[in-house]
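Examining the three-dimensional arrangement
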Amino acid sequence: METTKTHVVHGGTLRYLKHDSATTGTPMTLSVFVPAGEGPFPVLIWLSGLTCTEDNFTTKAGAYKAAAEHGVIIVAPDTSPRGEGVADDPAYDLGQGAGFYVDATQAPWAPHFRMESYVTDELIALIDAEFPTTKTRSIFGHSMGGHGALTLALRHPDLFQSVSAFAPISSPTRCAWGEKAFSAYLGEDRAEWARHDAALLIENGAAHGVFDDILVDQGDADPFLAEQLKPELLVAAAKAAGQRLTLRMQPGYDHSYFFMASFVDDHVAFHATRLKA
């Protein structure tokens, strides 16, 4: 990996990195924070939401003080492949910046939009090879990235010790963002869509016996709450499956990084406890 920028923050080292991805067939960018010391350290992967790059979380979330205190590496990849020759759409909720953390099967997206495999195969292997990790990791994210964190953890439970989310797209098969993206990337087979729907995966027992708790924070002033996010579907699914899920409705908070910055320390601590158990 090529280091493009380096900063010292809270005693640790933050690197912006770039590499040629064999999975997406494009250059991919990410940031990696490593605490002070020799390690090894557990890893916490962050997945960002629609329109974001690796830079949004890196500069706005304020997560590195807690990561330094708990001795956790934080990895924040870009949200999609990008560049010349990569399919795109004029809308903000499809194409570059909107990978939805699935492996596309439909044209013109299939050649490059393989974000599930990128995160679960290539990125994890790359981080373990290049940094002093314990080879244990957890995952969290926001909005589209909250959907990604939940579904990747539920679909690959052997890879992650814990999972949490901020304002996730809880059931993309039942909201406009998800229906649009899944139609484009996965085609019209709704059975395939269901394999990437966190609420449906939980309802079908994907988390049972794997995660002792799933932490979700949601602002009650989020403009996308009722139409796109629908956290009540996660709660109902968890209740039906006998899965513990902690939904914290935060009064007055919206969908912005001000919301995440207010509670990110709780999430880092939630994961650190489970990563070091």
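Now for a description of the structure that goes with this document. (Residues numbered from 1 in each chain as written. Predicted model: local features only at pLDDT ≥ 70, side-chain atom pairs only at ≥ 80, totals over all residues. Heavy atoms only, no water.)

1. Let's talk about the overall build of the protein chain
Each helix and strand in the protein chain was counted, giving 10 helices and 9 strands. For 277 residues, the compact-globule formula gives about 19 Å, and the C-alpha radius of gyration of the protein chain, at 17 Å, lands near that figure. Counting only C-alpha atoms and orienting by the principal axes, one finds that the protein chain spans roughly 50 × 45 × 35 Å. When contacts within the protein chain are restricted to residue pairs at least 6 apart in sequence, long-range pairs at least 24 apart make up 71% of them. Carbon and sulfur atoms form 51% of the exposed surface of the protein chain, whose accessible area is close to 10,600 Å². Across the protein chain, the 20 positively charged side chains and the 34 negatively charged ones have centroids separated by 4 Å. (Helix = DSSP H or I, 4+ residues; strand = E, 2+ residues; numbered from the N terminus. Rg over C-alpha atoms; globule rule 2.2 N^0.38 Å. Contact = heavy atoms within 4.5 Å. Areas by Shrake-Rupley, 256 points an atom, 1.4 Å probe, with all protein chains shown as cover. Lys, Arg positive; Asp, Glu negative; His and termini not counted. Charge placed at Lys NZ, Arg CZ, Asp CG, Glu CD.)

2. Regarding the side chain of Ser171
By the element assignment, Ser171 lies in the loop between strand S7 (163–166) and helix H5 (176–186). Overall, Ser171 belongs to the buried group, its relative accessible area being 1%. In this structure the side chain of Ser171 is engaged in a polar contact, spanning 2.7 Å, whose partner is the side chain of Asp197. Not counting chain neighbours up to four residues away, the residues in contact with Ser171 comprise Asp197, Ala199, Leu229 and Leu233. (Buried < 20%, exposed > 50% of the residue type's maximum accessible area, 1.4 Å probe, protein only. Polar contact = N/O pair within 3.5 Å; in protein donor to acceptor, adjacent residues only side chain to side chain.)

3. As for the sheet that holds strand S4 (residues 41–47)
Spatially, the 9 strands line up as an open sheet ordered S1-S2-S3-S5-S4-S6-S7-S8-S9, and their pairing is mixed. Where the open sheet ends on each side, the last strands, each with one partner, are strand S1 (2–9) and strand S9 (245–250). Adjacent strand axes in the sheet meet at a mean angle of 20 degrees, parallel and antiparallel pairs treated alike. Taken together, the 4 bridges between strand S6 (residues 133–142) and S7 define a ladder with parallel strand orientation. Bridge pairing links Phe140 to Ser164 in S7. Its contacts with the sheet place helix H3 (residues 115–130) against strand S2 (12–20), strand S3 (27–34), S4, strand S5 (73–77) and S6, and it is angled at close to 50 degrees to S3. Contacts between helix H4 (residues 144–155) and the sheet are confined to S4, S6, S7 and strand S8 (214–219), with S6 contributing the most and set at about 135 degrees to the helix. (Pairing = 2+ DSSP bridges. Axes fitted to C-alpha atoms, helices over the stretch in contact; angles between N-to-C directions.)

4. A look at the layout of surface pockets
Here the idea is plain: a probe the size of a water molecule rolls over the atoms and shows the empty space left. Reported here for the largest pocket is a volume of approximately 200 Å³. A class-by-class count of the residues in the lining of the largest pocket yields 6 nonpolar, 7 polar and 1 charged. (1 Å grid on protein atoms, 1.4 Å probe; cavity = no way out; pocket = protein on both sides within 12 Å on 5 of 7 lines; lining within 4 Å. Points joined across faces, edges and corners; volume = space filled by probe spheres on them. Nonpolar A, V, L, I, M, F, W, Y, C, P; charged D, E, K, R; others polar.)

5. Structural notes on helix H9 (residues 231–241)
Within the span of H9, buried status applies to Pro231, Leu234, Ala237 and Ala238. Here the buried residues of H9 occupy an arc of 115 degrees about the axis, which is enough to place them on one side. Turned more than 90 degrees from where H9 packs its buried face, Lys239 and Ala240 sit exposed. Elements that come into contact with the buried residues of H9 comprise H4, helix H7 (198–203), S8, helix H8 (225–229) and S9. Phi for Gly242, located one or two positions after H9, is positive at around 70 degrees. (Arc of directions from axis to C-beta.)

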